[in-house]
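Remarks on the overall topology
Chain by chain, the residues:
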There are 2 protein chains.
Amino acid sequence: MQLVFLSGGSGKRLWPLSNNARSKQFLPLLEAPDGSMESMVQRVVRQAKEAELNTQITFATNAAQRDSIINQLGDGVDVVAEPERRDTFPAIALAVSYLHFVKACPDDETVVVMPSDPYTELGYFHTIARMADEVQNNAADLVLMGITPTYPSEKYGYIVPQKTTEKSLRSFPVSRFTEKPTVSVAEDLLREGALWNGGVFAFKLGYMMAIVRKYMQSSSFEDTFARYKEFPKISFDYEVAEKATSVAVVPFTGKWKDLGTWNTLTEELSHDSIGNVLLGDANENTHVINEMEVPVFCNGLKDIVVACSPDGILVCAKDKSETIKKYVDNLSLRPMYEERRWGTYKVLSDLSYADGTHALTKSIMLLPGKNISYQIHHHRDEVWTIVDGEGLFVLDGEVRKVKRGDVCVIRKEQFHAIKAITELVFIEVQIGSPLVEEDIERFDWNW
Amino acid sequence: MQLVFLSGGSGKRLWPLSNNARSKQFLPLLEAPDGSMESMVQRVVRQAKEAELNTQITFATNAAQRDSIINQLGDGVDVVAEPERRDTFPAIALAVSYLHFVKACPDDETVVVMPSDPYTELGYFHTIARMADEVQNNAADLVLMGITPTYPSEKYGYIVPQKTTEKSLRSFPVSRFTEKPTVSVAEDLLREGALWNGGVFAFKLGYMMAIVRKYMQSSSFEDTFARYKEFPKISFDYEVAEKATSVAVVPFTGKWKDLGTWNTLTEELSHDSIGNVLLGDANENTHVINEMEVPVFCNGLKDIVVACSPDGILVCAKDKSETIKKYVDNLSLRPMYEERRWGTYKVLSDLSYADGTHALTKSIMLLPGKNISYQIHHHRDEVWTIVDGEGLFVLDGEVRKVKRGDVCVIRKEQFHAIKAITELVFIEVQIGSPLVEEDIERFDWNW
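Residues numbered from 1 in each chain as written. Chains lettered and ligands numbered in written order. Predicted model: local features only at pLDDT ≥ 70, side-chain atom pairs only at ≥ 80, totals over all residues. Heavy atoms only, no water.

1. Some remarks on the overall build of chain A
- Counting its regular elements, chain A contains 10 helices and 30 strands.
- Against the 2.2 N^0.38 benchmark of 22 Å for 447 residues, chain A shows a C-alpha radius of gyration of 24 Å, consistent with a compact globule.
- Seen through its C-alpha atoms, chain A measures out along the principal axes to roughly 75 × 65 × 45 Å.
- For chain A, buried positions account for 56% of its 447 residues.
- Considering only residue pairs separated by 6 or more positions, chain A has 66% of its internal contacts joining residues 24 or more positions apart.
- Counting only carbon and sulfur atoms, one obtains 48% of the accessible surface of chain A, whose full area is about 18200 Å².
- Positive and negative side-chain charges in chain A, numbering 48 and 63 respectively, have mean positions lying 2 Å apart. (Helix = DSSP H or I, 4+ residues; strand = E, 2+ residues; numbered from the N terminus. Rg over C-alpha atoms; globule rule 2.2 N^0.38 Å. Buried < 20%, exposed > 50% of the residue type's maximum accessible area, 1.4 Å probe, protein only. Contact = heavy atoms within 4.5 Å. Areas by Shrake-Rupley, 256 points an atom, 1.4 Å probe, with all protein chains shown as cover. Lys, Arg positive; Asp, Glu negative; His and termini not counted. Charge placed at Lys NZ, Arg CZ, Asp CG, Glu CD.)

Take a look at the structure:
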């Protein structure tokens, strides 16, 4: 069995902790069984392992999230990053092509595609195991998970099973799908026994490859990747689920939540505050998450969430947390904090001048053994002051060892790279005009 | 007439915008008549000038506030900074000695001492003119301002005038003082016609010098300054006002407020937000002040103040803003933003390591023509990256011109200084163990 996690999302609704590079599923806000903090993806992958699904894991994602996934989950998972953002059908098509061409999985192997951010319990993964069994038993070409609804939601798609008197079925044939209904239609659907579409799909690899081939005759993963834009921009639900002639659903009745807003997320936090926070004695149902160095003090608050990150500061009534999405486009300039495969960086200051010059100061942490690629910039100088650790610094082909207190001055057009021996921390001052991330030309360096 | 403003205060109640170096009276939050922003001290000095008091102004303050006063008010005011914090009587004694010895004011010149932070109107200064007249008319040795109370407050001291049937008096003899009474005592006081003690005192210079000489026979200001600790730690109210045999009060009935808490301060703000703030459409009686670069978004808040500075972030119900004072000692480590005579600095990051080493990153702005003194550090290296402007950098006696993009590396024990030609901005990384402000030895440099 192959488990494919879909990981996307712009992360607007959990601003300022999430951004394009750090969607909600990567926020380390949940408490793991050992008391440490874990993210939603770390939680679901841990649960998948605890359920002993005997599966290999592949993440279908985009380039911006690749490093976060590897940082949080290590090398035990495969990552297939789409070359451009399209929709869920192309993303799944690419991941399935990877299983076929790169991992050489056989056509009759079961593939289960699921979101990377459900907040759920172990029974969810036992349901996935039953779905895989139904696929192997040829109960249907496509087997979906149906979440037992707890209220007539307008937010979800619904799966309507065929009426049956047989109680012993492990899966039920699907009669039809209904996308995001009104509340009154949803009430009717609930009476009909409809289930929420949880976005979990099980099928045999060969079944999906046949659909992929309708759009692209390809002989390799590289070819599929290069021609990715030939796939239509369409969701998996529309392209596959709704067109399929043989579809079944397996119900799941356990705990399942979408922690997509601050309102729903804070319900699952085990502490009132995370980070450098001081709470006065007169707060009620208030959660404060602080990822900045400076302290936050709150008092006299009721039903409020406060979230602080290098990207910004949110203070919002919990029942208004849905409104963030429509405002956030006016707030976010660039991500001020990013987790990369080589480590993390945080923007400390961004000064701009009338002549178009910017001065950007960052705190950068390089993990031991990791490096920043050999590169040049055409429009900016960089000054690095090493504040902790040891590393190797390359400037125009000359390597020197650097440690705390050393200064690396890199002028425009100078080739440079740095590799951490121990965990390396440095303060970077970039000065340039224009000052854009994209002003990087990368070269090979043989460490 | 000499006007002496008392400027002190630890600035705890308006955390995080105020701190030891930046008390509430220096916060640029009020709207001036021309639409620009001004601080409380800028406002009272502007009003004193508008009232045409024909006065010279001296600030009695402490060393930490000296630079803020000069930055905000320019060279048109004298500043007398006490060498150590004692109480209001010593501070006024020192200022009066300055008027006597340094400014050579005559003994019969009127001196009016007042706080630097009342939020009031022009009539207040016309009352001060009347107080000065009463001093010159020898109505009493000491003439106080009595604020007409608006409610039976427990926070203020009260001045009880003698009962009189004469309505034409410009001042009233004082019967007694009562410090911070209970509400029921305050209610009785109001029925007696008592007034709030606004901390405004008028007297002839010679009168006060006689009291000063009871504690210290001194022949110069320098001598008085050097022996400052000989003055008792006592307030002016206790030492002078309550002991005086000839005291009168001049009532003031106009607008007068102490903007000492976020609750009272926000009532006088002309805008809901200051700085990089986005307000959603569902806020009510909420004020947001943001002195950080990152954006603040607020929605669904009612009766709340949000204040963000490099020192920290406050989110507080307005009616709980009095509680800040008792929590703030657990919050403030070091001031993260300071206004100095030479410019400003802001702490961007403060990293610490297990071996006791700290790495402190600051953004520093030097005003044109200003300099940082020639100095050495015994325990830290400093790296300066110039990001804007031009200046002169001295290292071990060698002067060189520096501009944007230049890097100054200063090792322990190296003599260094920098002077701005145009407004100069640089990022400083300090690395040291221990890393303390006090690790500075200053020397002379002839620019």
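Still more to cover.
2. Notes on helix α1 (residues 40-50) of chain A
Residue and element names in this part refer to chain A.
- Among the 11 residues of α1, eight are classified as buried, and the element is accordingly described as predominantly covered.
- Buried within α1 we find Met40, Val41, Arg43, Val44, Val45, Arg46, Gln47 and Ala48.
- Following α1 by one or two positions, glutamate 52 adopts a phi angle in the positive range, close to 50 degrees.

3. A few points about the sheet that holds strand β24 (residues 380-388) of chain B
All names here are of chain B.
- Ordered by their spatial adjacency, six strands build an open sheet running β20-β21-β22-β29-β24-β27, and the pairing between neighbours is antiparallel. The open sheet has two free edges, formed respectively by β20 (337-340) and β27 (407-410), since each of these has just one partner strand. For this sheet the average axis-to-axis angle between neighbouring strands, irrespective of direction, equals 20 degrees.
- Here nine bridges tie strand β22 (residues 358-366) to strand β29 (residues 424-432), and the two strands are oriented antiparallel to one another. Residue serine 363 lies in a different strand from β29, and its bridge partner there is isoleucine 427. (Pairing = 2+ DSSP bridges. Axes fitted to C-alpha atoms, helices over the stretch in contact; angles between N-to-C directions.)

4. With respect to the relation of the copies chain B and chain A
- Once chain B is rotated about the relating axis by 180 degrees and shifted along it by 0.0 Å, it coincides with chain A to within an RMSD of 0.1 Å. What we have between these two chains is a two-fold relation. Minimal C-alpha distance to the rotation axis in chain B is attained by leucine 348 of chain B, lying at 2.9 Å. (Least-squares fit on C-alpha atoms with pLDDT ≥ 70 in both.)

5. Let's talk about the pairing of strand β18 (residues 304-309) of chain A
Residues and elements named next belong to chain A.
- The element β18 is largely enclosed, with a buried count of six among its six residues.
- Burial of the side chains of β18 extends over both faces: Ile304, Val306 and Cys308 are buried on one face and Val305, Ala307 and Ser309 on the other.
- Pairing of strand β16 (residues 287-290) with β18, which is carried by four bridges, proceeds in the parallel orientation. Note on β18: the bridge partner recorded for isoleucine 289 is alanine 307.
- In terms of strand pairing, β18 meets strand β19 (residues 312-317) through six bridges, oriented antiparallel. Its bridge partner lying in β19, isoleucine 304 is registered against alanine 317.
- Taking the residues between adjacent antiparallel strands as the criterion, β18 and β19 are bridged by two residues.

6. Examining the sheet that holds strand β20 (residues 337-340) of chain A
Residues and elements named next belong to chain A.
- Pairing within the open sheet is antiparallel, and its six strands lie in the order β20-β21-β22-β29-β24-β27. Where the open sheet ends on each side, the last strands, each with one partner, are β20 and β27 (407-410). With direction set aside, neighbouring strand axes in the sheet form an average angle of 20 degrees.

7. Overview of the interface of chain B and chain A
- If you look at the interface, chain B gives 59 residues, while chain A gives 59 residues.
- Here chain B packs against chain A, burying approximately 4600 Å² in sum over the two surfaces, 68% of which is carbon and sulfur.
- Looking only at chain B, the three residues that lose the most surface to chain A are Phe297, Ile313 and Val315 of chain B, adding up to 14% of its buried area.
- There are three salt bridges connecting chain B and chain A.
- A salt bridge links arginine 404 of chain B to aspartate 355 of chain A, with the shortest nitrogen-to-oxygen separation between them at 2.9 Å.
- In this assembly, chain B and chain A are joined by 24 residue pairs in polar contact (both at pLDDT 80 or more). (Buried area = accessible area lost by both parts, 1.4 Å probe. Salt bridge = Lys/Arg side-chain N within 4 Å of Asp/Glu carboxyl O. Polar contact = N/O pair within 3.5 Å; in protein donor to acceptor, adjacent residues only side chain to side chain.)

8. Focus: the pattern of salt bridges
Residues and elements named next belong to chain A.
- Per the counting criterion, the structure on display carries 59 salt bridges over all chains.
- Between glutamate 230 and arginine 227 there is a salt bridge, and its shortest N-O distance comes to 2.9 Å.
- A residue is classified by how much of its surface remains accessible, and glutamate 230, at 41% relative accessible area, is partly exposed.
- Of the charged contacts, one joins arginine 340 and glutamate 338 as a salt bridge, the two residues approaching to 3.2 Å between their closest N and O atoms.
- A single network of salt bridges, built from pairs that share partners, joins Lys255, Lys257, Glu267 and Glu268.

9. Examining helix α2 (residues 63-73) of chain B
All names here are of chain B.
- Every buried residue of α2 is accounted for by Gln65, Asp67, Ser68, Ile69, Ile70, Gln72 and Leu73.
- In this structure, the buried residues of α2 make contact with α1 (40-50), β4 (56-62), β5 (78-82) and β20.
- Glycine 74 sits one or two residues past α2 and shows a positive phi near 75 degrees.

10. Thoughts on the side chain of threonine 224 of chain B
All names here are of chain B.
- Mapping threonine 224 onto the fold places it in helix α7 (residues 221-226).
- Residue classification places threonine 224 among the buried residues on the basis of a relative accessible area of 2%.
- At 2.9 Å, the side chain of threonine 224 forms a polar contact with the backbone oxygen of serine 220.
- Each residue touching threonine 224, except ones within four places of it in the same chain, is listed here: Leu94, Ser97, Phe101, Met216, Ser218 and Phe231.

11. Digging into the side chain of threonine 61 of chain A
Residues and elements named next belong to chain A.
- The topology assignment puts threonine 61 in strand β4 (residues 56-62).
- Looking at threonine 61, the relative accessible area reads 3%, which means it is buried.
- A distance of 2.9 Å separates a polar atom in the side chain of threonine 61 from the backbone oxygen of serine 7.
- Sequence-distant contacts of threonine 61, defined by excluding residues within four places in its chain, comprise Ser7, Ile69, Val79, Val80, Ala81 and Glu82.

12. A few points about unusual backbone geometry
- The residue after serine 433 of chain A, namely proline 434 of chain A, is reached through a cis peptide bond having omega -5 degrees.
- With respect to the helices and strands, proline 434 of chain A occurs in the loop between β29 (424-432) and β30 (441-443).
- Of note, the bond from tryptophan 15 of chain B into proline 16 of chain B is cis; its omega dihedral lies within 30 degrees of zero at 5 degrees.
- Mapping proline 16 of chain B onto the fold places it in the loop between β1 (2-6) and β2 (30-31).
- Phi is positive for glutamate 52 of chain A, which is not a glycine, with a value near 50 degrees.
- Considering the arrangement of structural elements, one finds glutamate 52 of chain A in the loop between α1 and β4.

13. Re the packing of aromatic side chains
All names here are of chain B.
- Taken as a whole, this structure holds 41 aromatic pairs over all chains when the rule is applied.
- A connected cluster of aromatic rings, assembled from ring pairs, spans Tyr374, Phe415, Phe443, Trp445 and Trp447.
- Against the face of tyrosine 119 rests arginine 43, its NZ or CZ located 4.0 Å from the ring centre. (Phe/Tyr/Trp six-rings, centres within 6.5 Å; stacked < 30°, edge-to-face > 60°. Lys NZ or Arg CZ within 6 Å of the ring centre and 35° of its normal.)

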